[in-house]
Amino acid sequence: DEGGFRLVQEQQKLVVDFSEYVSVLVRMLNECIREPHSHLAVFVMQRGGRGHLDFIQNMEYKFIELLSCAFETSPEETVRQSVTF
């Protein structure tokens with residue numbers, strides 16, 4: 001939601017608006033596919049159903065975290081309602 005995005009935007013010093021966030025995520029995922037030697041996506045799942053997806057850029061001399069997205073397990077009913085076949 002937009003309120004949660006504002007918190008992430010402030011914590012990570014993002015310069016994109018909420019309306020641009022999805023396209024930024026898609027662009028970053030595509031970079032990981034096109035240039036796996038310089039762009040990484042690392043998903044870490046923790047106990048208790050929480051996790052995070054980190055987008056990292058390899059600058060040859062340093063790894064830079066570009067963005068981190070937090071995840072939380074959804075109730076099974078929510079997943080059933082959201083999945084389409």
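See the structure above.
Note that this is a predicted model, so its numbers are computed, not measured.

A. Expanded view of a nonpolar patch on the surface. Among the surface-exposed residues, Phe43, Met45 and Phe71 lie close enough to one another that they form a single nonpolar patch of about 310 Å² accessible area. Turning to its location among the elements, Phe43 is positioned in strand 1 (residues 39–45).

B. Structural context of the side chain of His39. Inspection of the secondary structure assignment puts His39 in strand 1. The class of His39 is buried, set by a relative accessible area of 13%. Reaching out from His39, the side chain makes a polar contact with the side chain of Ser38 at a distance of 3.0 Å. Excluding residues that lie within four positions of it along the chain, His39 makes contacts with Glu31, Cys32, Ile56, Gln57 and Leu66.

C. The layout of surface pockets, seen in detail. For the largest pocket, the calculated volume is near 310 Å³. When contributions to the lining of the largest pocket are tallied by element, the ones reaching two or more residues are helix 1 (2–12), helix 2 (18–34) and strand 3 (63–72). Looking at which element gives the most residues to the lining of the largest pocket, the answer is helix 1, with five residues. Classifying every residue of the lining of the largest pocket by side-chain character gives nine nonpolar, four polar and one charged.

What counts, and where the lines are drawn
- Residues numbered from 1 in each chain as written.
- Predicted model: local features only at pLDDT ≥ 70, side-chain atom pairs only at ≥ 80, totals over all residues.
- Heavy atoms only, no water.
- Patch = residues over 30% accessible without salt bridge, like charges linked within 9 Å, V, L, I, M, F, W, Y side chains within 5 Å.
- Areas by Shrake-Rupley, 256 points an atom, 1.4 Å probe, with all protein chains shown as cover.
- Salt bridge = Lys/Arg side-chain N within 4 Å of Asp/Glu carboxyl O.
- Helix = DSSP H or I, 4+ residues; strand = E, 2+ residues; numbered from the N terminus.
- Buried < 20%, exposed > 50% of the residue type's maximum accessible area, 1.4 Å probe, protein only.
- Polar contact = N/O pair within 3.5 Å; in protein donor to acceptor, adjacent residues only side chain to side chain.
- Contact = heavy atoms within 4.5 Å.
- 1 Å grid on protein atoms, 1.4 Å probe; cavity = no way out; pocket = protein on both sides within 12 Å on 5 of 7 lines; lining within 4 Å.
- Points joined across faces, edges and corners; volume = space filled by probe spheres on them.
- Nonpolar A, V, L, I, M, F, W, Y, C, P; charged D, E, K, R; others polar.

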